[in-house]
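# Descriptive analysis of the structure
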Amino acid sequence: MTDDTVRLSMIGQVLRGRWRTLVVLAVLGALIGAGSSVILSPGYRTTSSVLLQGPREADELLTQAEVATSSVVLDRAAAGLGDGMTGAELRDRVATSVAQGNVITIEATGDTAEQTQRMADQIASEFVKYSTQIIAGSGDAAVQLAQERRETLRQQVQQTNQRISELSAKVNEGKTTVESVQLRTELQGLRSSIESAMSSLNAADTASGLGNMVVLGSAELPSSAAAPTLPQLALGGAALFFLIGLFGHLFTARTDRRLRDEEEIAAAIGGPVLATFDAVERPPAGTTVRAKLLRDDRPWNVPRIDVAADEIDSDVLYRRLVSRLPHRRLLVLAADGDPAGQAAAERLAALAGRWLTVVTVSPARPVVADTDADGVVVVTSLGSRSAWELVGIAEAIADAGLAMVGTVLIRPVRPTRARPGAPTPSDHEALAGTA
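Residues numbered from 1 in each chain as written. Predicted model: local features only at pLDDT ≥ 70, side-chain atom pairs only at ≥ 80, totals over all residues. Heavy atoms only, no water.

As recorded by an unreviewed UniProt entry, the chain carries the name Conserved putative membrane protein and is attributed to Amycolatopsis japonica.

This paragraph deals with the UniProt feature "transmembrane region" (unreviewed entry) in the chain. UniProt marks residues 21-40 and 233-251 with the feature "transmembrane region" (unreviewed entry), using the numbering shown here. The span residues 21-40 shows a helical share of 100% and a strand share of 0%, and its end C-alpha atoms are spaced 27 Å apart. With 100% helix and 0% strand, residues 233-251 has end C-alpha atoms that lie 26 Å from one another. (UniProt positions renumbered as here; feature names shortened; annotations may be inferred. Helix = DSSP H or I, 4+ residues; strand = E, 2+ residues; numbered from the N terminus.)

What follows covers the packing of helix H2 (residues 19-40) against helix H9 (residues 230-255). For the pair H2 and H9, the least separation of the axes is 6 Å and the interaxial angle reads 140 degrees. Handedness of the crossing formed by H2 with H9: right-handed. Residue-level contacts link Leu22, Leu25, Ala26, Leu28, Gly29, Ala30, Ile32, Gly33, Ala34, Ser36, Ser37 and Leu40 of H2 to Leu230, Leu233, Ala234, Gly237, Ala238, Phe241, Phe242, Gly245 and Leu246 of H9. Of the residues in the contact of H2 with H9, the class split is 15 nonpolar, 6 polar and no charged. (Axes fitted to C-alpha atoms, helices over the stretch in contact; angles between N-to-C directions. Left-handed = near helix turned anticlockwise from the far one by under 90°. Contact = heavy atoms within 4.5 Å. Nonpolar A, V, L, I, M, F, W, Y, C, P; charged D, E, K, R; others polar.)

Let us now look at the nonpolar core. In terms of nonpolar packing, the biggest core is built from 25 residues, with Val50, Leu90, Ile106, Met119, Ile123 and Phe127 touching the most fellow members. At the level of elements, strand E1 (44-52), helix H3 (58-68), helix H4 (71-81), strand E3 (103-110) and helix H6 (113-138) are the ones that each hand at least two residues to this core. Top contributing element to this core by residue count: H6, with 6 residues. The contacts of Leu90, once residues within four sequence positions are left out, are Leu74, Ala77, Ala78, Leu81, Met85 and Met119. (Core = buried A, V, L, I, M, F, W, Y, C linked by side-chain atoms within 4.5 Å. Buried < 20%, exposed > 50% of the residue type's maximum accessible area, 1.4 Å probe, protein only.)

Looking now at unusual backbone geometry. Here the amide bond leading from Ala227 into Pro228 is cis, since omega sits at 0 degrees, within 30 degrees of zero. For Pro228, the position within the fold is in the loop between strand E4 (213-215) and H9.

Attention now moves to the side chain of Thr21. Mapped onto the secondary structure, Thr21 falls in helix H2. According to the relative accessible area criterion, Thr21 is buried, its value standing at 13%. Setting aside residues up to four positions removed in sequence, Thr21 forms contacts with Leu294 and Asp296.

With that settled, the discussion passes to the packing of helix H12 (residues 316-324) against helix H13 (residues 339-352). When two helices pack together, their arrangement is given by the angle between the helix axes and by the axis-to-axis distance. Close contact between H12 and H13 brings their axes to 10 Å; oriented N to C, the two are set at 65 degrees. Between H12 and H13, the angle falls in the class roughly perpendicular. H13 is crossed by H12, and the crossing has right-handed handedness. Counted together, Tyr318, Arg319, Leu321 and Val322 of H12 and Ala344, Arg347, Leu348, Leu351 and Ala352 of H13 form the full contact between these two elements. (Parallel < 35°, antiparallel > 145°, perpendicular 65-115°, else oblique.)

What follows is the structure in structure tokens.
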């Protein structure tokens, strides 16, 4: 099997075995996303544009953008709106930027579409008024200077025109001589001078209109709330938590060091695999209400087989294993925390009689007491113990001076159907298998 096939198989197992948990996580994520909309959802958003006429420097445009969000402009806009907001509250709802073509863009955010439109229009209007007042109050001297400059330029143009007229009359009267050529050259220079003066005069006239600002129409009425909206946040939260749960299960399975391969278990325990039995996977004792509802107290990667639970319940295979064991005193060893392995060990001992004794050890610190037994049969479930735990059990058996006879593996399975009217198997009858 390729890696992609293995991943898809694991994802399918997670979806089948933990779909209730994933659904609960998705609902929780949707609730958190919906709750975060109070902070993250901006509401409705629209923009208003103000055109600054005449040539402008980049620094001047940035300064005007700052003026649009000044406390004076926002306080006046808040007073004009009359909905109880202050200028400080408007500051968090307004942003400005400089667009191409000497345009200041004012972006407003509000709770409703109508409120947002009125807010943007009001701020743009107050911005134009305030900027005009600033220019009118501080530009008297500049206006007077510009007027004097324009008057001087007009006098220069008038004198130049008179001189051009005189030269033209002289040139036309005489014949073509060196002097007439020089006069024509001077005349051409004067014409260039007057064109330059006219350009300067036009520039001065343009400069006199630098204070003109125009609001480019009313702000557009927003048709819907700006992203991210409450449904978007709820859907995003549900998807995020679902994926976190899904990949969390896959990551846990990847980092799980417990052995599930028969050859690896045999190598770690140091004995051959005598038989592998299937066991109907059972919920652990003391199951909580949450575990009963979500069914997350059972391994999600337990194989599913298309049989009923009582169809694999048989003592035949256990008796065959007992008959193959050497007829001498043996210990049947199982680890704590492995109910399926302990149940199988007790079942083997019950079928064998007095010459099999069940011993339970701690996987963290296994200790096998001194006994007159001849060997040990280890019973363990697939995926219940790590390699180091199995090595520790094997070392404990060697320290007790006992021989390793072999290993009996229990493979938990989950039947996909139940036989109608069939009784529920008891704990000691829940195990069955194939040798």
